Amino acid sequence: MNSFKIGLGTLVVLLAALGQSAPAQSPGMPAASSRYFSPTSGRDAAVRRVQDAAPLPAPEVIDENLALPRAERDGLGAEATTAAEEAAEASDTPNTDFLMRVLGIPEESRFHTFGWIQNSFTGNTNGRGSNAQNFGVNPNFKANQWMGNQYYIVFERLLEQNDEINFGFRIDNLFGNDWTFNHATGLFDTQNKPGRFAGYDPAQMFAEVHLPILTEGGLDVKGGRFYTLAGYEVVPATGRPLLSVPYMFAYGQPFTHFGVLTTLHVTDKINFYNGAINGWDRWINDTYKWGYMGGLSWTFNDDKTTLTTIVIAGPNQFQRFLPTSQAIQPVGTPVTPPQYSGRYNPYYAGNIRTLVTTVLTHKWNDKLTQVFETDQGAEPRVPFIGGEITRRGSQWYSVGNWFLYSFNDKLTGVWRTEWFKDTSGARTGFADNFYEITLGAIYKPQPWLWVRPEARYDWSQFTTPYSGGTRDSQLTLAFDVIVLF
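Quick caveat, the model's predicted, so the values are computed rather than measured. (Residues numbered from 1 in each chain as written. Predicted model: local features only at pLDDT ≥ 70, side-chain atom pairs only at ≥ 80, totals over all residues. Heavy atoms only, no water.)

1. Some thoughts on the side chain of T438
With respect to the helices and strands, the residue T438 is situated in strand β16 (residues 432-446). When its relative accessible area of 0% is taken as the criterion, T438 is described as buried. A distance of 2.6 Å separates the side chain of T438 from the side chain of E436, its partner in a polar contact. Among residues more than four places away in sequence, those in contact with T438 are L242, V414, W415, R416, E454, A455 and R456. (Helix = DSSP H or I, 4+ residues; strand = E, 2+ residues; numbered from the N terminus. Buried < 20%, exposed > 50% of the residue type's maximum accessible area, 1.4 Å probe, protein only. Polar contact = N/O pair within 3.5 Å; in protein donor to acceptor, adjacent residues only side chain to side chain. Contact = heavy atoms within 4.5 Å.)

Written out as structure tokens, the structure is:
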């Protein structure tokens, strides 16, 4: 059985590579990202990610958006919204700007407000286990239970990509079970117990300015709390293709940062990112040393291919060891033994955590899109791996592959495969290789209603992390329902 699982894990990685041999796009097909940048639209999609944008009413638009890496899914503003509205009108379907219409906000306004409600159920064929959790399956981690994942509402004023200085802002409000998943240490640490529905997280709150300098596209600057640029998958439910997220996102990447981020639009195909951040998923604290996040995104091959690399580096442990009793312990920071709770951390300043993520997307034809991601992470001195104040290093590596196939305007199929290696156990709690295969779909009977079923199989190579630490594999069957407004 173990040899079978090891062989299947090897197959997962090989499948990701085999996807590169798919046939080239047929001549005459529309460019994958042709609607994402338009000098006349007043918006460049590379400035804001898709989770930063209003859910779009046309299924084919949001499906194309899901094909972009996270750093390139930066908003899909006026040009994408216009395209979506045109598609909705052509198909004679209602729009999803319910909240805008109720509040009487005109379509041409730069102020937008919108949101969604997401509920889910996840069944584990192993049963609930001793802890009633689906290890590795996030954010729908509760076994055989309903979850009110996201009750999400956004208020924003969009930037305009023109030759004038202009200002914008963004406030994202996340209610529901996923508040724990997106939690920033130091912000509402004691508001509720982990896993409870009644919780709130101000997922994003930033101001931004567009400066028409340096290049024709100009420079955008944002400051505040914002989602990370790393990787492909995202926190907001409407910005990812499946209910569950991969190990590489849940355990290997940050969710949010507090700091300042600049985006230089070198050309309409190349964007250069630079930022100063105070770490991974941490709220404001004057004792934190600042780190760096930056990278480059390049769209080429007639807009069919996008390559994005993001680098994040900086100290991410804490100047003082977290209290042992703290309910939510950040990923990558092992629980503090009682004798060290709250004491000064002598290794804080020199403990630089580094993450490099690379995402390659390619639109093979008007139906099939592939996303390939590889991550490398390292941290030299992580205290308490194994329960003592050791100085062991932590490394983690991952490879993921997605295929998105559009059957029609209402139905998109999704196939994700992944390998995640946690060398020391600092990320997941188990030093092991983890694998998962997920098959799912995005079904939209109405533009404002999404139903996403999925079947996911997870397994580990050496340990038994599933079903309360008793099994080396699990099969989960899940679905979520999203109502957009």
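2. Regarding the packing of aromatic side chains
The full count for this structure, using the stated rule, is 29 aromatic pairs. Ring geometry for F321 against Y340: centres 6.4 Å apart, planes inclined by 80 degrees, an arrangement best described as edge-to-face. Taken together, the residues span a long stretch of sequence, with F321 in the loop between β11 (305-315) and β12 (352-363) and Y340 in the loop between β11 and β12 at a distance of 19 residues. A relative accessible area of 16% means that Y340 is categorised as buried. Between Y435 and W459 the ring centres are 5.3 Å apart and the planes differ by 20 degrees, which places this aromatic pair in the stacked class. (Phe/Tyr/Trp six-rings, centres within 6.5 Å; stacked < 30°, edge-to-face > 60°.)

3. Some words on the pattern of salt bridges
Under the defined criterion, the tally for this structure stands at ten salt bridges. Among the salt bridges present, the one from E436 reaches R416, with a minimum N-O distance of 2.8 Å. Of this pair, E436 sits in strand β16 while R416 is found in strand β15 (residues 411-422), placing the two residues 20 residues apart along the sequence. Here the two residues E436 and R416 agree in accessibility, since each one is buried. Note that R452 and D480 form a salt bridge whose closest N and O atoms lie 2.7 Å from each other. Within this pair, whereas R452 is found in strand β17 (residues 449-460), its partner D480 is found in strand β18 (residues 473-484), the two being separated by 28 residues in sequence. Per residue, the accessibility class of R452 equals that of D480, and both read buried. Ionic contacts of the salt-bridge type, sharing partners, join the residues E233, R416, E436, R456 and D458 into one network. (Salt bridge = Lys/Arg side-chain N within 4 Å of Asp/Glu carboxyl O.)

None of this, on its own, says anything about what the molecule does.
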